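Summary of structural features
Listed below, chain by chain, are the residues.
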Amino acid sequence: MTNVLPRTTALFSICALLLTSCGGGTSTVTNSTNNNTVTDTAATTGTSGAIPIGIALAQTSNVALLGQEGFVGARIAEKYFNSKGGINGTPIKLVIQDTGGDEAGAINAFQTLINKDKVVGIVGPTLSQQAFSADPIAERAKVPVIGASNTAKGIPEIGDYVARVSSPVSIVAPNSVKAALKQNPQIKKVAVFYAQNDAFNKSETEIFQKTVKDQGLELVTVQKFQTTDTDFQAQATNAINLKPDLVIISGLAADGGNLVRQLRELGYKGIIVGGNGLNTPNVLSVCKALCDGVLIAQAYSPEHPNEINKVFRQAYIEQYKKEPAQFTGQAFAAVQVYVEALKELDKKSKISALPLDKLRTELNKQIIAGKYDTPLGEIAFTPVGDVIQKEFYVAQIKMDTDGNTGKFVFIK
């Protein structure tokens, strides 16, 4: 809501104090000198001058196994960049909304961040399935969105205000199949499983199936399931009866981890490739000792040698006593892009003097124009908003002897 105040110093001061003390939503005030409408960032967040960046990721539902890692990365970024002076002396403030695991949750989170919290931009949502529903809301409102874990085909094409730091599955996924062939050149038969109710997994399995054919392998079966499933006995048995040398799974951490466990319990001994939805240490608590050996392609490595990754990795290890995972690094990178784009924009035109709608528009332009040295390495964006990234990896899960803990070991 826009509050237009009379040009009297006394009334201006009283209303400004009231807004600050109440911690209200964003208000705009009329500048008594030049009649320009400006954004009152103190009123935006309830903290003096903090610039609000929305974080719309899953904290609840089975998707929380992925979303919680994103929150960790974003929080580390907030603390680090504020310690370095924020936006040319002005701190950032993350405004968090839980998307849950479905489209409705993502839509509600986006609407709240845009209309109530008045954020300058949004990181999220967790799933590509959610992005296809929620991102158009931001596009219509002309609010920048940076996807930190949305890799399905067509995400940046949703609109001019949609970008992502998560490399598309078409680039990342084939690497894990090639790594499996390097481990076992005798692979001939492949069984594919995918969650048919999830947009990303449907997109990813298409890439996996094309890679299988491109490598001259035989696709012996394609088995479907739901991300909400817990019993995979029928699909697993059907596949094992065809004696595959390689199994490829496109699912999320909870369902995918259970599928890995049940395949092993039923006697499958070949290589398993997991898709991006299994790309989290949280999957270890699902399949435990039976996670051992699973191959997963990566867009982030804790061992990347640049300075910002060293800082990020150290902060994560100090807090969690383990190596950071891909989704954590990507969320950090997304917040970093906002910070650096805001800093550059502020140098050109003080962002405190821009109306919120103008700030969002100019910020979106600056995001696409910039280059960023992130924990993912150096990244930039195509004109449509897709990430340009140079380095990719493959990791293999190695479980400890207790069968409960393990780690992702990067292979050459």
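It should be emphasised that the depicted structure is a prediction, and the values quoted were computed from it without experimental measurement.

Focus on the overall build of the protein
In terms of regular secondary structure, the protein is built from 14 helices and 17 strands. Residues classed as buried in the protein amount to 57% of the 412 residues present. Long-range pairs, those at least 24 residues apart, make up 68% of the contacts in the protein between residues at least 6 apart in sequence. For the protein, the exposed area adds up to about 17000 Å²; of that, 52% sits on carbon and sulfur atoms.

Things to note about the packing of helix 13 (residues 326–348) against helix 14 (residues 356–369)
Axis separation between helix 13 and helix 14 bottoms out at 9 Å; the angle between their running directions is 110°. If you check the angle between helix 13 and helix 14, you find them roughly perpendicular. Crossing geometry of helix 13 relative to helix 14 is assigned as right-handed. Only Leu359, Glu362, Leu363, Gln366 and Ile367 of helix 14 make contact with helix 13, whose side of the interface consists of Val337, Tyr338, Ala341, Leu342, Glu344, Leu345 and Lys348. Of the residues that constitute the contact of helix 13 with helix 14, the class distribution is eight nonpolar, one polar and three charged.

Describing empty space enclosed by the protein
Overall, the coordinates contain three cavities of 30 Å³ or more when judged by the stated rule. There is about 110 Å³ of room inside the largest cavity. Along the wall of the largest cavity there are 17 residues; nearest its centre are Val172, Ala173, Glu204, Asn276 and Ala297. Listed by contribution, the elements that provide at least two residues to the lining of the largest cavity are helix 6 (169–172), helix 8 (199–214), strand 12 (295–298) and helix 13. A breakdown of the residues in the lining of the largest cavity according to their chemical character gives eight nonpolar, eight polar and one charged. Looking at the second largest cavity, its volume works out to about 80 Å³. For the second largest cavity, the full set of lining residues is Leu66, Thr126, Leu127, Ser128, Ser149, Thr151, Asp198, Phe200, Leu252, Asn276, Gly277 and Phe327. Residues of the lining of the second largest cavity, tallied by class, amount to five nonpolar, six polar and one charged.

A few points about the side chain of Asn279
Take Asn279: it is sitting in the loop between strand 11 (271–274) and helix 11 (284–287). Assessed through its relative accessible area of 2%, Asn279 is described here as buried. In this structure the side chain of Asn279 is engaged in a polar contact, spanning 2.7 Å, whose partner is the side chain of Gln298. Of note is the side chain of Asn279, whose polar atom sits 2.9 Å from the side chain of Gln326. Among all residues touching Asn279, those that are not within four sequence positions of it are Glu69, Ile296, Ala297, Gln298, Gln326, Phe327 and Phe408.

Concerning the confidence of the model for the protein
When pLDDT is averaged along the protein, the result is 90, and 88% of the positions lie at 70 or above. When the elements of the protein are averaged for pLDDT, strand 1 (residues 28–30) gives the smallest value, 32, and strand 6 (residues 145–147) the largest, 99. Note on residues 1–48: pLDDT under 50 across the span, and 67 contacts to partners over four residues away in sequence or across chains.

Focus: the sheet that holds strand 14 (residues 377–381)
One open sheet holds the three strands; their spatial order is 13-14-15, and the pairing between them is antiparallel. In this open sheet, the two strands that pair with only one neighbour each are strand 13 (372–374) and strand 15 (387–389). Across the sheet, the axes of successive neighbouring strands diverge by a mean angle of 35°, strand direction being ignored. Pairing analysis gives three bridges linking strand 14 to strand 15, with the strands arranged antiparallel. Bridged to Phe381 within strand 15 is Val387. Strands in contact with helix 13 are strand 13 and strand 14; relative to strand 13, the strand with the most contacts, it is inclined by about 145°.

Definitions and limits used
- Residues numbered from 1 in each chain as written.
- Predicted model: local features only at pLDDT ≥ 70, side-chain atom pairs only at ≥ 80, totals over all residues.
- Heavy atoms only, no water.
- Helix = DSSP H or I, 4+ residues; strand = E, 2+ residues; numbered from the N terminus.
- Buried < 20%, exposed > 50% of the residue type's maximum accessible area, 1.4 Å probe, protein only.
- Contact = heavy atoms within 4.5 Å.
- Areas by Shrake-Rupley, 256 points an atom, 1.4 Å probe, with all protein chains shown as cover.
- Axes fitted to C-alpha atoms, helices over the stretch in contact; angles between N-to-C directions.
- Parallel < 35°, antiparallel > 145°, perpendicular 65-115°, else oblique.
- Left-handed = near helix turned anticlockwise from the far one by under 90°.
- Nonpolar A, V, L, I, M, F, W, Y, C, P; charged D, E, K, R; others polar.
- 1 Å grid on protein atoms, 1.4 Å probe; cavity = no way out; pocket = protein on both sides within 12 Å on 5 of 7 lines; lining within 4 Å.
- Points joined across faces, edges and corners; volume = space filled by probe spheres on them.
- Polar contact = N/O pair within 3.5 Å; in protein donor to acceptor, adjacent residues only side chain to side chain.
- pLDDT = per-residue confidence, 0-100.
- Pairing = 2+ DSSP bridges.

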